[in-house]
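Architecture at a glance
Okay, here's what each chain looks like letter by letter:
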Amino acid sequence: MGKLITFEGIEGSGKSTQIKRVAQYLSEKNVPSVVTQEPSGTGIGRKIGHILFNRDHMDICRETELLLFGAARTQHVREVIMPALAQDKLVLCDRFSDATFAYQGAGRGLDTEIVKMINDFSSMLVRPDMTLLFDLPVEIGLRRATERNNQLSEPAATDRFERENLDFHTRIREGYLDILRKDPGRFRLIDASRDVDVIQADVRRHIVDFINLKA
Ligand SMILES: Nc1ncnc2c1ncn2[C@@H]1O[C@H](COP(=O)(O)OP(=O)(O)O)[C@@H](O)[C@H]1O
Ligand SMILES: [Mg+2]
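Below, the structure is looked at part by part. (Residues numbered from 1 in each chain as written. Chains lettered and ligands numbered in written order. Predicted model: local features only at pLDDT ≥ 70, side-chain atom pairs only at ≥ 80, totals over all residues.)

For the rest of this paragraph, the subject is the sheet that holds strand E4 (residues 130–135). Here 5 strands make up an open sheet; going across it, the order is E2-E3-E1-E4-E5 and the pairing parallel. Lying at the two open borders of the sheet, with one neighbouring strand each, are strand E2 (33–37) and strand E5 (187–191). Each strand axis lies, on average, 20° off the axis of its neighbour in the sheet, ignoring direction. Across 5 bridges, strand E1 (residues 3–9) lies against E4 in parallel orientation. Bridge assignment links Thr 6 to a residue of E4, and that residue is Thr 131. Against the sheet, helix H7 (residues 166–182) makes contact with E1, E4 and E5, and its axis sits at roughly 145° relative to E4, the strand it touches most. (Pairing = 2+ DSSP bridges. Helix = DSSP H or I, 4+ residues; strand = E, 2+ residues; numbered from the N terminus. Axes fitted to C-alpha atoms, helices over the stretch in contact; angles between N-to-C directions. Contact = placed C-beta atoms within 7 Å.)

Three or four residues apart is the spacing at which side chains of an α-helix point the same way, because the helix has 3.6 residues per turn. The terminal C-alpha atoms of H7, which comprises 17 residues, lie 24 Å apart, in line with the 24 Å expected from a rise of 1.5 Å per residue. Burial in H7 covers these residues: His 169, Ile 172, Arg 173, Gly 175, Tyr 176 and Ile 179. Down the axis, H7 shows its buried residues gathered within 155° of arc, on one side only. In H7, those exposed residues whose orientation departs by more than 90 degrees from the buried face are Leu 166, Asp 167, Arg 181 and Lys 182. For H7, the secondary structure elements touched by its buried residues are E1, helix H4 (97–107), E4 and helix H6 (138–151). (Expected span 1.5 Å × (residues − 1). Buried ≥ 20, exposed ≤ 12 C-beta atoms within 10 Å, placed from the backbone. Arc of directions from axis to C-beta.)

This brings us to H6. Along its 14 residues, H6 runs 20 Å from first to last C-alpha, staying within 8% of the 20 Å computed at 1.5 Å per residue. When H6 is considered as a whole, its buried residues turn out to be Val 138, Gly 141 and Ala 145. Looking down the long axis of H6, one finds its buried residues gathered within 65° of arc, a one-sided arrangement. Counted as exposed and oriented over 90 degrees from the buried face of H6: Glu 139, Arg 143, Glu 147, Asn 150 and Gln 151. Taken together, the buried residues of H6 touch H7.

Right, here's the structure in full:
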């Protein structure tokens, strides 16, 4: 079986930047790996994502949000993650089940037991082997996310989650740190307020150590 490494953290914490770079590095090292993301790691997931992120959908209720992320996850686990793990690949996934605990649990205030039940069902009990948590002050993350959206050739509208207030994003940051405290063996905490290259060195070190350990 391969291994699943997840990248987690608030908006603008640098997950996508870092996963892309480390994927390039792993491919240079000939490590068979797959890079994917939630909820848009499959065609069905991308469509579900359009419903979830659309800023015109501010009235989606939190239970619907939980179930839609769950639906996208099941599709992703079956279509992408399980087959890759069965082929002994290293799967690098930009957000996974911890995001549901942080966003729909801590952020939206849904009962943790319900979130756990939906998460277990939708992930078919696939659990990350290691999780890199990119942590930084919420204000910095949101500022970076806004700058990123503005830099696109067709600037992206701030999505439904980015439009939420600082309190919401602060609960998410705290939510992630709570999960880390409950499961410290699986997590690697990364100070994401530093330079891209410095963070990348940490990311590579954690992944290289992890592969060697398990090799
Ligand atoms: N360490 C960093 N320092 C400064 N800017 C960064 C850093 N990491 C990423 N960025 C920039 O911040 C924005 C958000 O990064 P991104 O990787 O898209 O975050 P996420 O995927 O976690 O939302 C991008 O424009 C990216 O270029
Ligand atoms: Mg991203």
